[in-house]
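Structural overview
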Amino acid sequence: MVLALNPAPTLLFLVILFSFAVLFANMGGGILNFVYPTELFPTGIRASASGLATSVSRIGSILGILVFPNLVAAWGNSAALWFFAAIGLLGLLISLWLAPETKGRKLEELNNEFASSLSNQTLMG
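Keep in mind the model is a prediction, meaning the values are calculated, not measured. (Residues numbered from 1 in each chain as written. Predicted model: local features only at pLDDT ≥ 70, side-chain atom pairs only at ≥ 80, totals over all residues. Heavy atoms only, no water.)

Focus: the packing of aromatic side chains
This model, assessed by the stated rule, comprises three aromatic pairs. Between Phe 68 and Phe 84, the aromatic rings sit 5.5 Å apart at their centres with planes inclined by 75°, giving edge-to-face as the arrangement. In this pair, Phe 68 is assigned in helix 4 (residues 46-75) and Phe 84 in helix 5 (residues 77-98), connecting sequence segments 16 residues apart. What makes Phe 84 partly exposed here is its relative accessible area of 30%. Considering the side-chain rings of Phe 83 and Phe 84, the 5.8 Å spacing of their centres and the 90° angle between planes classify their relative orientation as edge-to-face. (Phe/Tyr/Trp six-rings, centres within 6.5 Å; stacked < 30°, edge-to-face > 60°. Helix = DSSP H or I, 4+ residues; strand = E, 2+ residues; numbered from the N terminus. Buried < 20%, exposed > 50% of the residue type's maximum accessible area, 1.4 Å probe, protein only.)

Some thoughts on the pattern of salt bridges
In total, this model carries one salt bridge according to the counting rule given. The residue Arg 105 makes a salt bridge to Glu 109 at a minimum N-O spacing of 3.1 Å. What makes Arg 105 partly exposed here is its relative accessible area of 25%. (Salt bridge = Lys/Arg side-chain N within 4 Å of Asp/Glu carboxyl O.)

Structure below.
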């Protein structure tokens with residue numbers, strides 16, 4: 001969003017912005033696909049869930065690299081950046097809605113909750 005609001009950034013501005021982006025990505029959200037599936041899924045499927053989370057992350061990265069230049073060519077830099085900001089906001093809202101909070105909870109408690117939700121879905125479906 002910062003780049004969408006600043007259509008002609010200086011090189012120093014870009015270096016500082018990129019430095020902050022790397023710093024914040026490595027402090028939390030950027031490594032979440034390694035940590036969250038480990039906490040969320042039971043031991044029997046933990047490795048597969050972690051692999052799925054990593055592969056979806058990689059596919060998203062590849063799509064971003066392939067789609068962004070085409071959007072810039074079609075819509076311009078600012079509109080393409082706003083589009084990606086909207087996609088990020090959509091992902092945040094979906095995560096807040098669907099992803100359970102694991103902070104302060106034991107893995108056994110999370111495993112039992114996941115197992116009971118699977119058995120409820122099996123009974124209903």
